[in-house]
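Examining the three-dimensional arrangement
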Amino acid sequence: MKYVDEFRDRDLARTLATAIAAAADPARDYNFMEFCGGHTHAIFRYGVQDLVPANVRFVHGPGCPVCILPARRLDDAIELAERHGVILCSYGDMLRVPGTGRRSLLKAKADGADIRMVYSTLDALDIARANPGREVVFLGIGFETTTPPSAAAIAQAQAEGIGNFSVFCNHVLTPPAIRHILEAPEIDPSQAARLDGFLGPSHVSAVIGSRPYEFLAARYAKPVVIAGFEPLDVMQSVLMLIHQVNEGRVAVENQYTRVVTRDGNAKAQELVARIFELRPSFEWRGLGSVPDSALAIRADYAAFDAEKRFTLSEKQSRETKSCECPAILRGVKKPKDCKLFGKACTPETPMGACMVSSEGACAAYWTYRRMETLAEMAAE
Amino acid sequence: MTTPPPDLSGAVDMSHGGGGRAMARLIRDIFLRHLANPLLDQGHDATRLDVGSGRIAVTTDAHVISPLFFPGGDIGSLAVHGTLNDLAMAGARPMALTAAFIIEEGFPLADLDRIAASMGRASRDAGVPVATGDTKVVERGKGDGVFITTSGIGVVPEGVDISPRRLSPGQVILLSGPVGDHGIAILSKRQGLEFGTEIRSDSAALHRMVADMIAAVPGVAVLRDPTRGGLSATLNELANAAGVGMQLEERAIPVRPEVAAACELLGLDPLNVANEGKLVCVCEPGDAETLLAVMRDHAEGRDAARIGHVTVDRPGFVRMTTAIGGQRVVDWLSGEQLPRIC
């Protein structure tokens, strides 16, 4: 596969591994947070940690859209399907995430709610066109990558006059989340201190560009390297971060130049700005309430806003007890620190979102490295 | 004397399942027309067949695939191939199939005819007759077009003992060709997911290739077709059943570039994607080259490859050296990757 196989080449990987081993100072640790769950999974799927020295560590960040959605928002989505009788369209990753009382969209579907898995917002629009007598709600989740398709669907619905389509918007923003990790008081202060740099998002940065990270590097003195999602991208980015740390430099560097520019995709940004506006605050699982970290649908498009179209009840939503998802999302704990991991909580019987999502840290440890993880847990 | 072609312009209605004249006509005009053979022509509810020496192998498989017609096959050919392969994986020589149809009221007769014709073709190509069958019609909305259950009966030659019990460390794992074709072909046909290049299902009968493999190496330890859940599910099942570990080499596992590209796009792992014309073979290291040569002599095994070996450590786990040289677990899929795949 062109433009992919080159980035999974074993000889090149060996060369990079040698360079990383030579650059890494054995007298110190290097703790790099990969913000995106996509990076976490690339690291585990290809066994990147087997190719870097033990003092180069990956700290897994909260960049998993499914994981950071709190139980309350999921409960709301279930309510839309069950009480308001809508056709609820969702990306597949969301279906098995447990909400309050471990109830998921999949369980609601089995109980008779009309919940459909879609691959794109266009599928949801098709469903709305085909069912003019029904309300169709798209469960919009994700970072800056999945926001433009939601915006495009709303713009299209308006242009066509599709009156039975709306979006339940849960779109969130990356830079405010990184800032929150670096400064929020409820986060372990030693956490921010022990991070030596960030592997910046790949696809998110394709949309927003590398510029939005510049203030993070400047204000918090943390190097950032925008990294592609292939294993060699990750390795090269690690090498670039090590060089910055060793040289005492703090900069936003772009390893993923084949996709990411400094200014990003202006057309996508314009579309998003037209349809969405900042929410003053949004609740993240793990991070709590984060100011200016999420988007809401502008008043001009209120007709397509499920939160305006339907009245959602007050509810006592609760995360699963003793699930360490929140601390894992902050990078404070690892999956092995959760006593549910691999016992009560597996991908078949998930207690928390991190075990469900294809971008969740627990799912990565379970899927690709559970022997080592379970052995470490047994040893402790 | 030639009989006039039947009128296939209408649709199936409840009377076609009622046991009366309409049903008899449906069976005659569609099923017997395409599937006729001496066994079926006995016309009994139960067909008698002669078996020689050896042990009888029997299997059954329900097919509910959506869409019914897909690149590289349809539910008719799939229902034949799937059951033949289940017999072949036990080392059995298939002798006869049965077919039960559950048809939804309103299903076009022309489509039913196309499916029966495809079944007839697959059965003749395989040299295995459909010996008996059954037809039921359910009300509109109670089915989805047509469901087909096929059973198969075969004979396992003396001296052949294919079983996960025979897995032992040091044995070699072979794969008959690229993985993921069927699942991606089905996915590509589903709404809104068509790719530039047409990806065809690998649906194929493997019993002839298996017969040659067993003739060359009667001591083959395990044969398994990696259908739903893909290669990873099959290997995990085997590793668990036998209490052994497995070590794979990612670079040795064949995947077509277009399938790999589709998987990238959809976030799927080709190792988890269904196949309908591939087999995994585990054998002693000394037999590997012989078996690979036999497989490569067949169209179904042209791209056969050695992909790993059985280990003594990490029992129950399948491990893989990744493309870049790291290690990871090859897990089975949790839940459903894609419903109604076969």
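An unreviewed UniProt entry annotates chain B as Hydrogenase expression/formation protein HypE originating from Nitrospirillum amazonense. In its Sequence similarities (unreviewed entry) section, UniProt records this for chain B: "Belongs to the HypE family."

An unreviewed UniProt entry lists chain A under the name Hydrogenase maturation factor, with Nitrospirillum amazonense as the source organism. Turning to chain A, the UniProt annotation filed under Sequence similarities (unreviewed entry) states: "Belongs to the HypD family."

In this section: the overall build of chain B. Helices and strands together make up the secondary structure of chain B, namely eight helices and 13 strands. A globule of 342 residues ought to have a C-alpha radius of gyration of about 20 Å, and chain B, at 21 Å, matches this closely. Seen through its C-alpha atoms, chain B measures out along the principal axes to roughly 65 × 50 × 30 Å. A total of 342 residues make up chain B; the buried ones form 51% of that total. Relative to all contacts within chain B whose residues are 6 or more apart in sequence, the contacts with residues 24 or more apart total 86%.

Each helix and strand in chain A was counted, giving 17 helices and 11 strands. For 380 residues, the compact-globule formula gives about 21 Å, and the C-alpha radius of gyration of chain A, at 21 Å, lands near that figure. Each principal axis of the C-alpha atoms in chain A carries an extent, and together these give about 65 × 45 × 45 Å. The burial tally for chain A puts 54% of its 380 residues in the buried class. For chain A, restricting intrachain contacts to residue pairs at least 6 apart in sequence, the fraction spanning at least 24 positions comes to 77%.

Turning our eyes to something else, we now look at the interface of chain A and chain B. Every contact between the two is made by 28 residues of chain A and, on the other side, 21 residues of chain B. Of all the secondary structure elements, the ones that give two or more residues to the side of chain A that touches chain B are α1 (10-23), α2 (37-46), α6 (121-130), α12 (231-247) and α17 (361-379) of chain A. The leading source of residues in the side of chain A that touches chain B is α17(A), at five residues. Each residue belonging to the side of chain A that touches chain B can be placed in one class, and the counts come to 14 nonpolar, four polar and 10 charged.

Turning our eyes to something else, we now look at the pairing of strand β5 (residues 130-138) of chain B. All names here are of chain B. As judged from the eight bridges shared by strand β4 (residues 93-104) and β5, these two strands associate in the parallel manner. Its bridge partner being in β5, I103 is matched across the sheet by V137. Viewed along the sheet, the connection from β4 through helix α3 (residues 109-126) into β5 turns out right-handed.

We now examine helix α2 (residues 75-88) of chain B. Along an α-helix, residues three or four apart share an orientation, since each turn contains 3.6 residues. Along its 14 residues, α2(B) runs 20 Å from first to last C-alpha, staying within 8% of the 20 Å computed at 1.5 Å per residue. With 14 of 14 residues buried, α2(B) lies mostly within the body of the structure.

Let's shift gears to the pairing of strand β11 (residues 305-311) of chain B. Taken together, the four bridges between strand β7 (residues 172-175) of chain B and β11(B) define a ladder with antiparallel strand orientation. For V172(B), the partnering residue across the bridge sits in β11(B) and is H309(B).

Turning our eyes to something else, we now look at α6(A). Residues and elements named next belong to chain A. For α6, the set of buried residues is T121, A124, L125, I127 and A128. Seen along its axis, α6 keeps its buried residues to an arc of 160 degrees; they face one direction. In this structure, the buried side of α6 is in contact with β3 (87-90), β4 (115-117), β5 (136-142), α7 (147-160) and β6 (165-171).

Moving on, we get to the nonpolar core. Within the largest apolar cluster, 226 residues are counted, with the highest numbers of intra-cluster contacts made by M235(A), V146(B) and C281(B). Examining the composition of this core, we find that nine residues originate from one element, α12(A), more than from any other. Aside from chain neighbours lying at most four places away, what touches M235(A) is A13(A), L16(A), A17(A), I20(A), V48(A) and L51(A).

Glancing now at the sheet that holds strand β2 (residues 56-63) of chain A. Within a sheet, adjacent strands bond to each other through the backbone by hydrogen bonds, running parallel or antiparallel. Residue and element names in this part refer to chain A. Read across the sheet, five strands follow the order β2-β1-β7-β8-β9 without closing on themselves; strand pairing throughout is parallel. The sheet is open, and its two borders are formed by β2 and β9 (252-254), each paired with just one other strand. Strand after strand, the sheet turns through a mean of 25 degrees between neighbouring axes, direction not considered. Relative to the sheet, α2 contacts β1 (30-36), β2 and β7 (197-200), its axis offset from that of β1 by approximately 120 degrees.

Bringing the domain arrangement of chain B into the picture now. All names here are of chain B. Segmentation of chain B into domains returns domain 1 (14-156) and domain 2 (164-329). Counting residues at the interface gives 18 residues for domain 1 and 22 residues for domain 2. The set of elements that each furnish at least two residues to the side of domain 1 that touches domain 2 consists of α2 and β4. In terms of residues, the side of domain 1 that touches domain 2 owes the most to one element, α2, which gives eight residues. When the residues that make up the side of domain 1 that touches domain 2 are grouped by side-chain class, the tally is 10 nonpolar, seven polar and one charged.

Once that is clear, we can look at the packing of helix α5 (residues 207-216) of chain B against helix α8 (residues 288-296) of chain B. Residue and element names in this part refer to chain B. Taken N-terminus to C-terminus, the directions of α5 and α8 make an angle of 150 degrees; their axes are 9 Å apart at the nearest point. One way to sum up the angle between α5 and α8 is to call them roughly antiparallel. For the element pair α5 and α8, the recorded crossing hand is right-handed. Of the residues in α8, those in contact with M209, D212, M213 and A216 of α5 are T290, L291, V294 and M295. Looking at side-chain class alone, the contact of α5 with α8 contains six nonpolar, one polar and one charged residues.

Attention now moves to unusual backbone geometry. The general pattern is negative phi for most residues beyond glycine and trans for most peptide bonds. Along the chain, S66(B) connects to P67(B) via a cis peptide bond; the corresponding omega equals 5 degrees. When you line up the elements, P67(B) lands in the loop between β1 (55-63) and β2 (69-70). Its identity as a non-glycine residue notwithstanding, A221(A) has a phi of 55 degrees, on the positive side. Position of A221(A) relative to the elements: it lies in the loop between α11 (214-220) and β8 (224-226). On the basis of neighbour count, A221(A) is assigned to the exposed category, with 11 C-beta atoms found within 10 Å. With a phi close to 60 degrees, S322(A) is a non-glycine residue in the positive phi region. Within the element layout of this structure, S322(A) appears in the loop between α14 (306-309) and α15 (325-330).

Here we come to the domain arrangement of chain A. All names here are of chain A. Structurally, chain A comprises domain 1 (5-62 + 187-254), domain 2 (67-173 + 264-309) and domain 3 (325-379). Using C-alpha coordinates to define each centre, domain 2 is positioned 27 Å away from domain 3. Opposite the nine residues of domain 2 that make contact, domain 3 presents 12 residues. Grouping the constituent residues of the side of domain 2 that touches domain 3 by class yields five nonpolar, one polar and three charged.

Residues and elements named next belong to chain B. As summarised here, the arrangement of the four strands in space is β1-β6-β4-β5, forming an open sheet in which the pairing is mixed. Strand pairing shows two members of the sheet lacking a second neighbour, β1 and β5, which therefore form its edges. Adjacent strand axes in the sheet meet at a mean angle of 15 degrees, parallel and antiparallel pairs treated alike. Here α2 sits on the sheet in contact with β1, β4 and β6 (146-156), set at roughly 30 degrees to β6.

Thresholds applied
Residues numbered from 1 in each chain as written. Chains lettered and ligands numbered in written order. Predicted model: local features only at pLDDT ≥ 70, side-chain atom pairs only at ≥ 80, totals over all residues. UniProt positions renumbered as here; feature names shortened; annotations may be inferred. Helix = DSSP H or I, 4+ residues; strand = E, 2+ residues; numbered from the N terminus. Rg over C-alpha atoms; globule rule 2.2 N^0.38 Å. Buried ≥ 20, exposed ≤ 12 C-beta atoms within 10 Å, placed from the backbone. Contact = placed C-beta atoms within 7 Å. Nonpolar A, V, L, I, M, F, W, Y, C, P; charged D, E, K, R; others polar. Pairing = 2+ DSSP bridges. Right-handed = clockwise from strand over helix to strand, strands pointing away. Expected span 1.5 Å × (residues − 1). Arc of directions from axis to C-beta. Core = buried A, V, L, I, M, F, W, Y, C linked by C-beta atoms within 7 Å. Axes fitted to C-alpha atoms, helices over the stretch in contact; angles between N-to-C directions. Domains from an automatic or database assignment. Parallel < 35°, antiparallel > 145°, perpendicular 65-115°, else oblique. Left-handed = near helix turned anticlockwise from the far one by under 90°.

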